[in-house]
Structure formats: structure tokens, C-alpha cells
Amino acid sequence: MYHSQLRAFHAVATQGGFSKAAAHLGLTQPALSDQVKKLEERFNVLLFHRHKRVVRLTQLGEQLLEITQRKFTLEKQAVDLLSAHQKLEKGHLNIAADTPLHVIPLIARFKRDFEGITISLRIGNAEEILSGLQNFSYDLGIVADMQEDNRFHSVTLCRDPLVAFVSKTHPWATKQGVTLKELATETELILREPGSRTRNHVEREFAMAGLSLKVALEVQGREAAKEAVASNLGVGIVSKPEFGHDSRLVEIPLSDCSATMTESLVCLREKLELRSVKAFLNANKIVETEAPSVQ
């Protein structure tokens, strides 16, 4: 309520007079004097001793100046902070992904242009990521097989086939391919936790083929699945790029599996207005194309 009047007082006190204060604020001297006068009259106090061209703070004015110094210092800090974020010199992005594989290159490209933006990365399954996006825990997410949902903006990054993998000491380590029937009848599987898109694909492919799953172990996360397979507890299934490189493991193509894993960059539609989110999309040249189509 008193911001303009306090600003006028502060300018006079720090500039040493009404004419200099008016020039500093870009006001006429009468307008500035009127603001200070209104403040004094409102509280029936005297803030300056005025004698000809000399202006000197009263004791109350000196006490008020200590307060306005803090007030306008904090205001400047607030403006500087907002300006830095506006220019993307500072800021923070919370990102969640189902695997580091696809997100790390995106982060690297973004950080080349925006070094001042810090990033937190969390790895989780699709359900956890979408839930976190909805409750504003994350700004961006990378999830597999994003379904149409008008709450989200979604951009497809890649489409990859599923592959099986075994320990290098497994009897199948030299196989050039494996069928779903062989997986169903001759071995047990290491499955990801419920909510994993990989698991959803596996269950759907087996159901479509009229086959039952034999589960050796259910684990939380892709790395746990790899450790279990490396210990010869069963056969794992991942998307081809997620298999990566592990000298303990061998990749085997799934000869009759038509499923593909689609990885998408996702955010809440309302977060598209955030400058940092826009910058992330632009830095990776993926802001213009949206898929799957969301109506």
C-alpha cells in the first residue's frame, strides 16, 4: 500500500535531496515531494528536516531508512533472481525417466546451452513417473509406451524391439534367436515389477500367443533384473537399447515377438509455458512434433 511513498522517501534519503531523488526515479520533483508529504501526513510524523536546499533525516527518518534499506535490497535481490531465471542463467528442472539411456543425451545437449540450470534425475517406472508429473514432483518425464492423455504433452523419441537376455553361462547363450513358446515351456522368466511397461508388453505378447508365463523372480528395476539373470535365476526381457553392454550377459533376439517399446518425453501441458521446459525441448529439437497424437 505504501510502496511508492516508501520508495520516494528512500530515494531522497539515499540521493541526498529531492531533485537528485526525482531524477533517479524518473519523476518530477513536485510528484516526488508529494509522495513523501503524503507518507508524513498519513502518520503525522516528520521524516526530514528541510532548510532551504538542505535536507537532513530526522531521528525517525534514520530509523526508517534502516528498514527501507533492507526492503529495497531484498526487492533488488528478488528482481535479480527473477531476471536470471527469465534469461535461464539460473533455475532447476526435475526430470524422471524409466532408464538413463534416453535421457542422459538430452540433458547433455541442454546443459551445453544452459549451464546455470541445475537438474535432478530420478529413475522409476512409468506409473511412478506419470504420478510424479501430475503432482508436480517432476517437470519432465521419459516413459515407455505413453498412452493418449489430454493432460500431457508427449513427444516420441524412439521405437525399439524387445529382446531376451541370459547369462553367458546359460545353455541358451549361443542361440541366434528364441520364440515365445520356448520361453513359456523351457525356462522361467525374470519379470519387472507391476507398472513396468516392459512387463505389460511381455504379458500381452504371451496372452496373444495363448501361452502362460513361468516366473522365476519378480524384481524392482532393470538393474535388479540384470543381476538376477547374471546369477542364472532365469531369462530376462528388455528393449534392445536397454540391454546395453554387460560382459556377463548375452542378448538373444525374440523371433516371433512383434511388440516394440516406444519411449516418449512427457510433461503436463500447463508446464509447457515454463521457460526452462521450453528451452529443454528446443535444445533437443523436439518441441514441434507431438506423438502419440493427443486430442
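The structure reproduced in this document is the subject of the present report.

Conventions and cut-offs
Residues numbered from 1 in each chain as written. Predicted model: local features only at pLDDT ≥ 70, side-chain atom pairs only at ≥ 80, totals over all residues. Heavy atoms only, no water. Phe/Tyr/Trp six-rings, centres within 6.5 Å; stacked < 30°, edge-to-face > 60°. Helix = DSSP H or I, 4+ residues; strand = E, 2+ residues; numbered from the N terminus. Buried < 20%, exposed > 50% of the residue type's maximum accessible area, 1.4 Å probe, protein only. Axes fitted to C-alpha atoms, helices over the stretch in contact; angles between N-to-C directions. Parallel < 35°, antiparallel > 145°, perpendicular 65-115°, else oblique. Left-handed = near helix turned anticlockwise from the far one by under 90°. Contact = heavy atoms within 4.5 Å. Nonpolar A, V, L, I, M, F, W, Y, C, P; charged D, E, K, R; others polar. Disulfide = S-S within 2.5 Å. Salt bridge = Lys/Arg side-chain N within 4 Å of Asp/Glu carboxyl O.

Scanning the model with the defined rule gives six aromatic pairs in all. Measuring from ring centre to ring centre gives 5.9 Å for F18 and F48, while their planes differ by 65 degrees; the resulting arrangement is edge-to-face. Of the two residues, F18 sits in helix 2 (residues 18-25) while F48 sits in strand 1 (residues 48-51), which places them 30 residues apart along the sequence. By relative accessible area, F48 is classed as buried at 2%. Ring centres of F165 and F243 lie 5.8 Å apart, and the angle between their planes is 55 degrees; on these two criteria the pair is classed as tilted. Of this pair, F165 sits in strand 6 (residues 152-167) while F243 is found in helix 10 (residues 240-243), placing the two residues 78 residues apart along the sequence.

It is worth spelling out the environment of E273 at this point. Among the structural elements, E273 can be located in the loop between strand 11 (260-268) and helix 11 (275-283). The class of E273 is exposed, set by a relative accessible area of 58%.

Packing of helix 5 (residues 100-113) against helix 11 leaves a shortest axis separation of 9 Å and a crossing angle of 110 degrees. One finds that helix 5 runs roughly perpendicular with respect to helix 11. The interaxial crossing formed by helix 5 with helix 11 has right-handed handedness. Between helix 5 and helix 11, the contacting residues are L106, I107, R109, F110 and D113 on the first element and S276, A279, F280 and A283 on the second. Split into classes, the residues belonging to the contact of helix 5 with helix 11 amount to six nonpolar, one polar and two charged.

So, about the state of the cysteines. Should the sulfur atoms of two cysteines be covalently bonded, the bond is a disulfide. In total, this model carries zero disulfides according to the counting rule given. Looking at the unpaired C267, the closest cysteine sulfur is the one in C158, lying at 18 Å.

Glancing now at the pattern of salt bridges. Summed over the entire model, instances satisfying the criterion amount to 14 salt bridges. Residue K271 pairs with D139 through a salt bridge whose shortest N-O separation is 2.6 Å. Taken as a pair, K271 in the loop between strand 11 and helix 11 and D139 in the loop between helix 6 (126-134) and strand 5 (140-144) lie far apart in primary sequence, 132 residues in all. The exposure class assigned to K271 is buried, which follows from its relative accessible area of 11%. Residue K175 pairs with E182 through a salt bridge whose shortest N-O separation is 3.1 Å. The partly exposed category is assigned to K175, whose relative accessible area is 25%.

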